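Here is how the chains run, residue by residue.
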Amino acid sequence: MKRKILNFIDNYFRKKDTNLFYGDFLAGAGNRLEIFLLDLLKIEFYKIHLKYSKRKAFRPVALNSKLTKEQYNSYLEQLKTNGVIVIDSYFAQEADEILKEYDYFFENIKKDDKDYKRIFSLSIKEDLFRRILDSNLLQMMCEYCDSQQYLRASPGLNVTYPGFSDITSKNIGETKYRDGGFANFYHLDTPNLRQYHILLKDVGMDDPHMLYARKSNKKYFGHHYRIASEEYVNANYEITHCIGPKGTVYVFDGGSGLHRMYATEKNYRISMDIMFTPGNSILKDSCPIVNIGEMKLDRFDDLQKESLRYMI
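Computed from a prediction, not measured in an experiment: that's the story for all the values here.

(A) Quick look at the layout of surface pockets. Put simply, the largest pocket is a space of about 500 Å³. Residue lining of the largest pocket: 26 residues in total, with H49, R194, N217, D253 and S256 positioned closest to the centre. Those elements that provide at least two residues to the lining of the largest pocket are α3 (43-52) and α8 (135-145). Across the lining of the largest pocket, the residue classes break down as eight nonpolar, ten polar and eight charged. In this model, the second largest pocket occupies a volume close to 440 Å³. What lines the second largest pocket is a set of 24 residues, among which Y116, A183, H187, D189 and H259 lie closest to the centre. Taken together, the elements giving at least two residues each to the lining of the second largest pocket come down to β2 (116-119), β6 (194-199), β10 (249-253), β11 (259-262) and β12 (269-277). Considering every element that reaches the lining of the second largest pocket, the biggest residue donor is β12, with four residues. Grouping the amino acids of the lining of the second largest pocket by side-chain chemistry returns eleven nonpolar, seven polar and six charged.

In structure tokens, the structure reads:
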């Protein structure tokens, strides 16, 4: 009986096609009661949401020299307001080191690949890792959530080479599944997932890049429908284009805010991705930091060390 009721609710929503909500693109539809009932269809996600929404205190640390206190406070306010920030050239030095360290992954990128390539389970030099696991950004995410954040997986390397031009959700159809790795439709990530991406080449408006619907992190979409139409997003939100010169970092709340990839046919994007949660969905076994057992962590501050609790 319970399943029949939940299926009835699901079918009820799917029959309400409008200009903003159609097919699977139903994020944003429904009032609070309807969203709660829909959450019952994703009860495991809902349990995770409830459990990890509880605050776990974190200990603030001194800022490093990459940001002044005024800059830090300004970016934190932007993150709290919009769910996303972009800081040009923040990791300019580290970007060059990453490219040199992992040249085997980034060499010979060809258009014929037309692929979304991502690898985790990296071995990473301790000093480079310490600087990439940046205390300013980590503390900013902790303050944003008012909760300790934990590294979810090894830093990941990414090559995004769509090989096709951007298309809207009205025209995606089967493309969404054929090119599924690109996530070129507005969506929400794993519950509670926050992350930052380091651009490893210059990325402009004519390159593949992430679009983020500013302030969509303020709305509770529930856990059943987690993709939204282009029409819904454009009617309700302004968009941040996550672009910039090599070394630029963008920090965003992907678990609560709508975002997608903007595709271009000719160009590609390369990045390093660092993901955090308040403790759920940790991927230590499938995406470990290969050499973390060899690290002394002497120069890591207390916030960094705590963020590694589930990866050691």
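(B) Quick peek at the packing of aromatic side chains. By the definition in use, this model includes 13 aromatic pairs. Judged by centre distance (5.7 Å) and plane angle (55°), the ring pair of Y22 and F25 falls under tilted. Each member of the pair Y22 and F25 is classed as buried. When the ring of F129 is compared with that of F300, the centres are 5.9 Å apart and the planes differ by 55°; the resulting orientation is tilted. Of this pair, F129 sits in helix α7 (residues 126-132) while F300 sits in the loop between β12 and α12 (302-307), and the two are 171 residues apart along the sequence. Three or more aromatic residues link up through ring pairs in this structure, and these residues are Y90, F91, Y196 and F276. The lysine or arginine in question, K201, covers the ring of Y268, its NZ or CZ lying 5.0 Å from the ring centre. Taking the ring centre of F221 as reference, the NZ or CZ of K219 above it sits at 5.9 Å.

The rules we used
- Sequence positions are assigned chain by chain, starting from 1 and proceeding in written order.
- Restriction of local features to residues with pLDDT of at least 70 applies here, the model being predicted, together with a cutoff of 80 or more for giving and counting side-chain atom pairs; totals for whole chains, interfaces and linings are based on all residues.
- With hydrogens and water excluded, all non-hydrogen atoms of the structure serve as input to the side-chain values.
- Any residue with an atom within 4 Å of a point lines the site, the site being either a cavity, points on a 1 Å grid over the protein atoms alone where a 1.4 Å probe fits but cannot get out, or a pocket, an open set with protein on both sides within 12 Å along at least 5 of 7 lines.
- Grid points are joined across faces, edges and corners, and a volume is the space filled by probe spheres set on the points.
- Helix and strand assignments follow DSSP, with helices taken as H or I runs no shorter than four residues and strands as E runs no shorter than two, numbered in order from the N terminus.
- We call Asp, Glu, Lys and Arg charged. Ala, Val, Leu, Ile, Met, Phe, Trp, Tyr, Cys and Pro are nonpolar, and the rest, Gly among them, are polar.
- A pair of Phe, Tyr and Trp rings is counted when the ring centres sit within 6.5 Å of each other, with Trp represented by its six-membered ring. The angle between the planes then sorts it: under 30 degrees is stacked, over 60 is edge-to-face, the rest tilted.
- Categorising residues by exposure relies on relative accessible area from a 1.4 Å probe, with only protein chains included: less than 20% of the type maximum marks a residue as buried, more than 50% marks it as exposed, and the intermediate range marks it as partly exposed.
- Note on geometry: a ring has a charge over it if NZ (lysine) or CZ (arginine) is within 6 Å of the ring centre and within 35 degrees of the ring normal.

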